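Descriptive analysis of the structure
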Amino acid sequence: MSGATLIDGKAIAAGLRGEVAAAVVRFAGEHGVHPGLAVVLVGDDPASQVYVRNKKRETEAAGMASFEVKVPAATSERELLAVVEELNRRADVDGILVQLPLPPHIDSGRVIEAIDPAKDVDGFHPINAGRLASGQPGLVPCTPLGCIILAKSVQPDLMGLEAVVVGRSNIVGKPVAQLLLAENCTVTIAHSKSRALPEITARADLLVAAVGRPELIRGDWIKPGAIVIDVGINRVPGEGGKHRLVGDVDFEDTRHVAGAITPVPGGVGPMTIACLLRNTLVAAASRRGLPIPL
Ligand code: GUN
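The text that follows walks through the structure, step by step, so that each part is easy to find. From a predicted model like this one, the values you see are computed outputs, not experimental measurements.

1. A short note on the pairing of strand 6 (residues 186-190)
Where strand 5 (residues 162-166) lies against strand 6, five bridges are found, and the strand directions are parallel. From the neighbouring strand, valine 165 faces strand 6, where its bridge partner is isoleucine 189. Each parallel crossover has a hand, and the one from strand 5 via helix 7 (residues 173-182) to strand 6 is right-handed.

2. Looking at the site of the ligand
Near the ligand you find Leu97, Val98, Gln99, Leu100, Asp122 and Phe124, and these make up its full shell. The separation between a nitrogen atom of the ligand and a polar main-chain atom of leucine 100 is 2.9 Å. Protein contact buries 78% of the 280 Å² of open area that the ligand shows by itself. Cavity membership is defined here by more than half of the atoms lying within 2 Å of grid points; on that basis the ligand lies in the largest pocket.

3. Some thoughts on the nonpolar core
Of all hydrophobic cores here, the largest spans 55 residues; its most connected members are Leu180, Leu206, Val208 and Ile229. Elements that contribute at least two residues to this core include exactly helix 1 (9-31), strand 2 (36-42), helix 6 (142-154), strand 5, helix 7, strand 7 (206-209), strand 8 (227-230) and helix 10 (269-286). The element contributing the most residues to this core is helix 10, with 11 residues. Residues in contact with leucine 206, not counting those within four places in the same chain, are Ala151, Leu158, Leu161, Glu162, Ala163, Val164, Leu180, Ile227 and Ile229. Grouped together as the second largest cluster of nonpolar side chains are 19 residues, Val164, Val166, Leu207 and Trp221 included.

4. Focus: the sheet that holds strand 2
Taking strand neighbours across the sheet as the criterion, the three strands line up as 3-2-4 in an open arrangement whose pairing is parallel. One side of each edge strand has no neighbouring strand; the edge strands of this open sheet are strand 3 (65-71) and strand 4 (95-98). Strand-to-strand, the axes of this sheet are offset by a mean angle of 15°, without reference to chain direction. Inspection of the sheet shows strand 2 paired to strand 4 by four bridges, in the parallel sense. Its bridge partner being in strand 4, alanine 38 is matched across the sheet by isoleucine 96. Most of the contacts of helix 2 (residues 46-61) go to strand 3, to which it runs at about 160°, and overall it touches strand 2, strand 3 and strand 4.

5. A short note on helix 1
Between its first and last C-alpha atoms helix 1 spans 32 Å; for 23 residues at 1.5 Å apiece the expected length is 33 Å, and the two agree. Contacts made by the buried residues of helix 1 are with helix 2, helix 6 and helix 10. Where helix 1 begins, the side chain of aspartate 8 points an oxygen toward the backbone nitrogen of lysine 10, at a separation of 3.2 Å. Two residues or fewer past helix 1, glycine 32 is found with a positive phi of approximately 65°.

6. Details of the packing of helix 1 against helix 6
Look at helix 1 against helix 6: their axes get within 11 Å of each other, and the N-to-C directions meet at 105°. Taken together, the axis directions place helix 1 and helix 6 in an arrangement best described as roughly perpendicular. Contact with helix 1, carried on its side by Gly9, Ile12 and Leu16, involves Ile149, Leu150 and Ser153 of helix 6 and no other residues of that element. Of the residues belonging to the contact of helix 1 with helix 6, the class tally is four nonpolar, two polar and no charged.

About the cut-offs
- Residues numbered from 1 in each chain as written.
- Predicted model: local features only at pLDDT ≥ 70, side-chain atom pairs only at ≥ 80, totals over all residues.
- Heavy atoms only, no water.
- Pairing = 2+ DSSP bridges.
- Helix = DSSP H or I, 4+ residues; strand = E, 2+ residues; numbered from the N terminus.
- Right-handed = clockwise from strand over helix to strand, strands pointing away.
- Near = heavy atom within 4 Å.
- Polar contact = N/O pair within 3.5 Å; in protein donor to acceptor, adjacent residues only side chain to side chain.
- Areas by Shrake-Rupley, 256 points an atom, 1.4 Å probe, with all protein chains shown as cover.
- 1 Å grid on protein atoms, 1.4 Å probe; cavity = no way out; pocket = protein on both sides within 12 Å on 5 of 7 lines; lining within 4 Å.
- Sits in = over half its atoms within 2 Å of the grid points.
- Core = buried A, V, L, I, M, F, W, Y, C linked by side-chain atoms within 4.5 Å.
- Buried < 20%, exposed > 50% of the residue type's maximum accessible area, 1.4 Å probe, protein only.
- Contact = heavy atoms within 4.5 Å.
- Axes fitted to C-alpha atoms, helices over the stretch in contact; angles between N-to-C directions.
- Expected span 1.5 Å × (residues − 1).
- Parallel < 35°, antiparallel > 145°, perpendicular 65-115°, else oblique.
- Nonpolar A, V, L, I, M, F, W, Y, C, P; charged D, E, K, R; others polar.

Encoded structure:
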């Protein structure tokens, strides 16, 4: 059998960033508003520092203002809540993202709930999660939105598909399931404790893997021709003492069975920041009661 179509997340993300940049110019011209994104980083975790640096670069490249708030790892929860409340009040801040994970002495749920839902560009606030679940407009989590855009790049109408999501996190599994439901898919949410996982995944016309287990999903778990969206980013030992990144799907084993598949890296990963930029523009418009310029 010939190989699956490779879904080029890098190229699709670049296209979306370009659309957002063009819309930012139009929006600023029409309404005199220059959207701004604030990213809060607690401590000096190296991976988080890389993410935050990339967010700043891409935000500025899209023509939006980027504000970085860096506070020490020892910052108390009360101090962090004060930082969030200050950003809630600032007129020039349209989006607030608190980089996760937070140090263990801080309750991330409490911090997320302190963010003004109108500025919650991660879509993690329970108000936005509730809006998504009840089909109301709101800010939608970035990685799940990226998954839907990638799936639609190979099949524009997802109506009626059997969709299986492996993973049930608040950040990916649950919201991506809600988005697939809104696209009129028949949705199953499976997870690491599900029995007969290979039988469940083999039913999927569209499989979203977001379980955080390196290469768990094998080729014989996949329905021939299925669309496979791999959200996993797992560092595993590679050759010569180096690490390599692998997804939750065994790519080499699966690419000959699937109809279309996202690679890791270069699949879902680049979509997250592109969707964050989109959400920042959406927040800038909707919190002022303006039409969404995308
Ligand atoms: N850490 C890793 N991914 C994310 C994300 O999408 N949002 C936030 N806030 N933190 C993260």
